[in-house]
Structure formats: structure tokens, C-alpha cells
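Given next are the chains, with one letter for each unit.
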Amino acid sequence: MRAKTLRSRFPPHPRPIGILGGTFDPIHDGHLRPALEVLEALDLAEIRFVPCRIPAHRDSPQITAEQRLALVRLATAGQAGFAVDDRELRREGASYMVDTLASLREDLGDIPLYLIVGADAFRELHTWHRWRELGQFAHVVVMQRPGPPKPFAPVLEEFVAPRMADAAALRRQPAGLILFQPVTQLDISATHIRALLARGQSPRFLLPEAVLACIHERALYRPLSTPASMT
Ligand code: ATP
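Just so it is clear, the structure is predicted and the values come from calculations on it, not from any experiment. (Residues numbered from 1 in each chain as written. Predicted model: local features only at pLDDT ≥ 70, side-chain atom pairs only at ≥ 80, totals over all residues. Heavy atoms only, no water.)

**Student:** How should I be thinking about the side chain of T76 in this particular structure?
**Tutor:** With respect to the helices and strands, the residue T76 is situated in helix α3 (residues 65-76). A polar contact is formed between the side chain of T76 and the backbone oxygen of V72, at a distance of 2.8 Å. When sequence neighbours within four positions are dropped, the list of residues in contact with T76 reads L32, F49, F82 and V84. (Helix = DSSP H or I, 4+ residues; strand = E, 2+ residues; numbered from the N terminus. Polar contact = N/O pair within 3.5 Å; in protein donor to acceptor, adjacent residues only side chain to side chain. Contact = heavy atoms within 4.5 Å.)

Listed below in C-alpha cells is the structure:
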């Protein structure tokens, strides 16, 4: 009885949830390995992979949102702590991370949320829709090359400096801080994988076998055929 009273007065701290958004066109080991390292290093309850429906900052993906989602499901299946969240596909219009975090916050209550971004994406953070509001909903964890971060645009530097914190500080509040987390750097990009496939070359070992098998089965990212006008 006494133990029960104590537990309800001091509920155990909930483990944080990580959010890894992306176009995932297609998902690859450069997403998966660093994500696993963040999951383990920061003792997260899970990382949710959130494919976007319509990316806000780039050209249209080469395959449909449903196909990208299917590849993300294949890539993450069977890895404890990896989950897939399709809320951006269920929302009309461009996929803005600030809207996604607001809706996750509504679903998940006060639990610490960690928005996980690669160092390259983070350097462009100040170009995201309502970017200053991101910190109301989540912390930001930057998957960083080991060593000190390179300088940012002044407006971003100003935003980062007062918010930089360590892992222990992030666990003590639900949102608002920034952590640079060193991860193994894998020089893999979806752009490179698409280019290999377009040339009819193999991207094997840059992405999970199940993802590559599905790409071949469904004939995704097929080499561009020569237009009839050029033959
Ligand atoms: P593309 O080459 O088409 O631009 P991408 O490979 O960068 O795609 P995205 O889906 O745009 O993949 O990336 C989703 C998130 O994963 C971003 O935060 C990005 O910075 C991060 N990311 C992508 N590739 C890597 C990598 N090799 N190492 C660490 N983070 C990565």
C-alpha cells in the first residue's frame, strides 16, 4: 500500500521518444545505423521513423509516399526500439515538422520528445517552416560528426548557443534543448543510391537487403530509358 502511494507520488520518469523524419527516398544504412546508436546512447524508449508525404524543402520524390513508407517498414521491422509513424501521410498538404511534433505532443503528453536530425539537415534548420517553434514541442538531437560542430548561420548560432545541453539535462524536461550526439559517419545518401539504380548499378551494402529486394521486385527507381525522340 505504502509502495503504491510512493509510486503514484513519484511516477518513474518516462523514457524519451525519438522522432526521425525524412523523405527516405529510399531509406538506407546512413539513416539506420546512426539512429540505432542514438537509441542506445540516449536510452530512448523508441525511435519513430516518420516519412514525409510532400517534402517541404526539395523536389518531389521519385516513388510514391506509400512506396517509401513500405520500404521504411521493411528496413525497421525486427529492430527492437524502431517504430514507424505514418501521420504525415495521413495529413493533407506539405509535411511540416512543426505540425508533426505538435500532433505527437498532443498524443504523447509530457514525455520528452527528441527530434533527431543529421548535421546537414540541422544546418538548414532556420529555413524550416515556423522553425523557432520546434523547441516548444521537442528537444533537437543532432547526429554529429565526432568533434566540434562547424559554425552555423548567425541566426541559427544565436538560437543554438543558449539551448545546448547534455544528455542528463534533456531527460529532465520535455522539450527545448539541443544536444550534439556523435555517431558513426556513413557517407551514404539516398541521392547516391538513386543515381546508382538509375545507371543500372548496384547499391548493395548501402541499404538493407530487404529494401533492395523490394526495390527490384517492384521495379522502383528503374534506369531512365532513352526518350524515343533521341533514338
Ligand atoms: P537525399 O540524398 O535524397 O537528400 P538523404 O539520404 O539525406 O536524402 P533524408 O531522407 O533526406 O535522406 O534524410 C532524413 C534524415 O536523415 C535527415 O535528418 C538527414 O540529415 C539524416 N541523414 C541522411 N543520411 C544520413 C547519414 N548518412 N548520416 C547521418 N544522418 C543522415
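**Student:** Honestly, the nonpolar core in this entry has me stumped. Any pointers?
**Tutor:** Within soluble globular proteins, side chains that are nonpolar tend to cluster in buried spots. Counting 36 residues, the largest nonpolar core has I27, V38, I47 and F49 as the members making the most contacts within it. Residue contributions to this core peak at 5 residues, all from helix α2 (residues 29-41). Beyond its immediate stretch of four places on either side in the chain, I27 contacts L32, F49, L71, V72, A75, L207 and V211. Listed in part, the 26 residues of the second largest apolar core include L101, V140, V142 and F180. (Core = buried A, V, L, I, M, F, W, Y, C linked by side-chain atoms within 4.5 Å. Buried < 20%, exposed > 50% of the residue type's maximum accessible area, 1.4 Å probe, protein only.)

**Student:** Would you explain unusual backbone geometry in this entry?
**Tutor:** Most of the time, phi is negative for any residue but glycine, and the peptide bond is trans. In this model, D25 is joined to P26 through a cis peptide bond whose omega is 5 degrees. With respect to the element layout, P26 can be found in the loop between β1 (17-22) and α2. Notably, A219 is not glycine yet its phi reads approximately 55 degrees, a positive angle. Structurally, A219 is set in the segment after α10 (209-217).

**Student:** Please clarify how the pairing of strand β6 (residues 178-182) should be interpreted in this entry.
**Tutor:** Regular strands have side chains that alternate between both faces of the sheet. The buried fraction of β6 is high, at 4 of 5 residues. Direction of pairing for strand β5 (residues 139-144) relative to β6: parallel, over a ladder of 5 bridges. Following the sheet pairing, Q144 is matched in β6 by P182. (Pairing = 2+ DSSP bridges.)

**Student:** Please explain helix α9 (residues 190-198) as it appears in this structure.
**Tutor:** Because the α-helix completes a turn every 3.6 residues, residues three or four places apart line up on one side. Looking only at α9, the buried set comprises A190, I193, R194, L196 and L197. Axial view of α9: buried residues confined to an arc of 160 degrees, hence all on one face. Elements in contact with the buried residues of α9: α10. Downstream of α9 by one or two residues, G200 has phi in the positive range, about 80 degrees. (Arc of directions from axis to C-beta.)

**Student:** Sorry if this is basic, but what is going on with α2 here?
**Tutor:** A rise of 1.5 Å per residue sets the reference length of α2, with its 13 residues, at 18 Å; its end C-alpha atoms lie 18 Å apart and thus fit the reference within 8%. Looking only at α2, the buried set comprises G30, H31, L32, P34, A35, L36, E37, V38 and L39. Just downstream of α2 lies D43, where phi reads positive at about 50 degrees. (Expected span 1.5 Å × (residues − 1).)

**Student:** Help me understand the packing of α3 against α10, please; the structure alone is not making it clear to me.
**Tutor:** For any two helices packed against each other, the geometry is given by the interaxial angle and the distance between the axes. Where α3 meets α10, the closest approach of the two axes is 8 Å, and the angle between their N-to-C directions is 150 degrees. The orientation of α3 with respect to α10, classified from their angle, is roughly antiparallel. Here α3 and α10 pass one another in a crossing that is right-handed. Touching L71, L74 and A75 of α3 are A210, V211, C214 and I215, all from α10. (Axes fitted to C-alpha atoms, helices over the stretch in contact; angles between N-to-C directions. Parallel < 35°, antiparallel > 145°, perpendicular 65-115°, else oblique. Left-handed = near helix turned anticlockwise from the far one by under 90°.)

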